[in-house]
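Geometric and topological summary
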Amino acid sequence: MENFWVSPLPKSECPAFILNYGLWIFRAHRELITPATQPKIRRYFEFYSLSHMFDGHGWFMDSSGNAHDVKPGNAILMGPGVKHGYGGMNDYYIEDYICFCGPLADRMNRAGMIDNGIVPFGKARRLLPIIELSRDPAITSQYRANMLLQQMILDIFLESGSNFNAESNHHSISMLIKEIHNNILRWWTVAEMAEYCNMSISQFRRVFTQDVGILPKHYISQVKINHAAAMLAGKNIKITDVAEKHGFKDSFHFSKVFKAHTGVPPTDYIALLYHEK
């Protein structure tokens, strides 16, 4: 007979103002790393759980004991009493997760909005705003966290059925843009950007162009050139160094792209800057 590990609800009482709302986020963690050596044991929770694996490689075992592959961009949404298991598979399982309960969650579950198992989520770390707000004990922050979680569950439900939700897609594009600026060295492919946003390539191109006004690949080049131009304004800056820091294969490639965006090569741009000074 198979033994199940049970994860109980916390013994502390839910704050009254949260109970009145109907949702209680009682545990939330960012960037939790589970070792790949975790045994494949099934369990069940006495609460709801949403785990987003944004890095690593994992496994998921459903209520029937069937094993499934979990890849970055997958999330696992589970309700209370459902036997399951998940963890790392020859790699770490790196997740952001939220545990919650309450009558509002129960009503959403009864309405069919919480489908236990793996759900598409994208690589953008969409749970982080909820996690940060839930850690703030202020009433306003707790309410905002709960409202965002409620919307998140609705988004997952809509995305699972139609793979399209306008508000969620726009949010994913915003997070992608931040990631592009934070990692200026990387050359993103359209396929990588679409996967990050949990969209098909054609859908991603359409939504990105609507939101930003230009095609994704053109935007990548434009961001790099804007950063590079600002760097060239400094003193004693070598063009080869600027090209390397922005992911160009060599100074010739950098000069070609720079001229396509600005109308002049980097050497002429530097000369113009110093002439104006």
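Heads up: the structure comes first, above all this text.
Quick caveat: nothing in here was measured; it's all calculated off a predicted structure. All residue numbers here refer to positions counted from 1 along the written sequence of the relevant chain. Totals for whole chains, interfaces and linings use all residues, but because this is a predicted model, local features are given only for residues with pLDDT of at least 70 and pairs of side-chain atoms are given and counted only at 80 or more. Heavy atoms throughout the structure, all of them, feed into the side-chain values; hydrogens and water do not.

1. Quick word on helix α2 (residues 103-110)
Under the scheme applied here, a residue whose accessible area is under 20% of the maximum for its type counts as buried, over 50% as exposed, and between as partly exposed, the area being computed with a 1.4 Å probe on protein chains only. Strands here are runs of E lasting at least two residues and helices are runs of H or I lasting at least four, both read from the DSSP assignment and numbered beginning at the N terminus. Taken together, the buried positions of α2 are Leu104, Ala105 and Met108. The arc that holds every buried residue of α2, seen down its axis, measures 100°, which confines them to one face. Of the residues flanking the end of α2, it is Gly112, one or two places downstream, whose phi is positive at about 85°. Along the arc lie the directions from the helix axis toward the C-beta atoms.

2. A word on unusual backbone geometry
With phi around 55°, Glu31 is a residue other than glycine that occupies positive phi space. Overall, Glu31 belongs to the partly exposed group, its relative accessible area being 43%.

3. Some thoughts on the state of the cysteines
A disulfide bridge is the covalent bond that connects two cysteines by way of their sulfur atoms. Cysteine sulfur atoms that come within 2.5 Å of each other are treated as a disulfide pair. Per the counting criterion, the structure on display carries 0 disulfides. Residue Cys99 stays outside any disulfide, its sulfur separated by 9.6 Å from that of Cys101, the closest cysteine.

4. Section: the pairing of strand β6 (residues 74-78)
Counting buried residues in β6 gives 5 out of 5 residues, a clear majority hidden from the surface. Both faces of β6 are covered, namely the face carrying Asn74, Ile76 and Met78 and the face carrying Ala75 and Leu77. With 5 bridges joining them, strand β4 (residues 48-61) and β6 adopt antiparallel strand pairing. By the bridge assignment, Leu50 is partnered in β6 with Leu77. Pairing between β6 and strand β8 (residues 117-120): 4 bridges, direction antiparallel. Bridge assignment links Ile76 to a residue of β8, and that residue is Ile118. Pairing between two strands requires that DSSP report at least two bridges joining them.

5. Let's talk about the packing of helix α8 (residues 216-232) against helix α10 (residues 251-262)
Geometrically, a packed helix pair is captured by the angle between its two axes and the distance between the axes. To obtain each axis, a line is fitted to C-alpha atoms, and for helices this fit is confined to the stretch in contact; angles are then taken between N-to-C directions over 0 to 180 degrees. Between α8 and α10, whose axes approach to 10 Å, the crossing angle comes to 100°. As far as their axial angle goes, α10 and α8 are roughly perpendicular. The segment α8 lies against α10, with His218, Ser221, Gln222, Ile225, Ala228, Ala229 and Leu232 engaging Phe254, Val257, Phe258, His261 and Thr262. Amino acids are sorted into nonpolar (Ala, Val, Leu, Ile, Met, Phe, Trp, Tyr, Cys and Pro), charged (Asp, Glu, Lys and Arg) and polar (every other residue, Gly among them). By residue class, the composition of the contact of α8 with α10 is 7 nonpolar, 5 polar and no charged. To sort the angles, those under 35 degrees are grouped as roughly parallel, those over 145 as roughly antiparallel, those from 65 to 115 as roughly perpendicular, and the leftovers as oblique. The contact rule is simple, with two residues in contact once any of their heavy atoms fall within 4.5 Å.

6. Examining the pattern of salt bridges
Take a side-chain nitrogen of Lys or Arg and a carboxyl oxygen of Asp or Glu: if they are within 4 Å of each other, that pair is a salt bridge. Applying the stated criterion to the full structure yields 5 salt bridges. Glu132 serves as the salt-bridge partner of Arg30, at 3.0 Å between the closest nitrogen and oxygen. Here Glu132 lies in helix α3 (residues 128-134) and Arg30 lies in strand β2 (residues 24-34), a separation of 102 residues in the sequence. Among the residues examined, Arg30 registers a relative accessible area of 32% and is labelled partly exposed. Of the charged contacts in the structure, one is a salt bridge between Arg125 and Asp96, with a shortest N-O distance of 2.9 Å.

7. Concerning the nonpolar core
Ile25, Ile98, Phe100, Leu127, Ile130 and Leu149 are the most contacted members of the largest nonpolar core, which has 25 residues in total. Contributing elements (two or more residues each) for this core: β2, β4, β6, β7 (85-101), α2, α3 and α4 (139-162). Among the elements that take part in this core, α4 stands out by supplying 5 residues, more than any other. Of all hydrophobic cores here, the second largest spans 20 residues; its members include Ile180, Ile184, Ile220 and Val223. Nonpolar core, defined: a set of buried Ala, Val, Leu, Ile, Met, Phe, Trp, Tyr and Cys residues in which side-chain atoms within 4.5 Å join the residues together.

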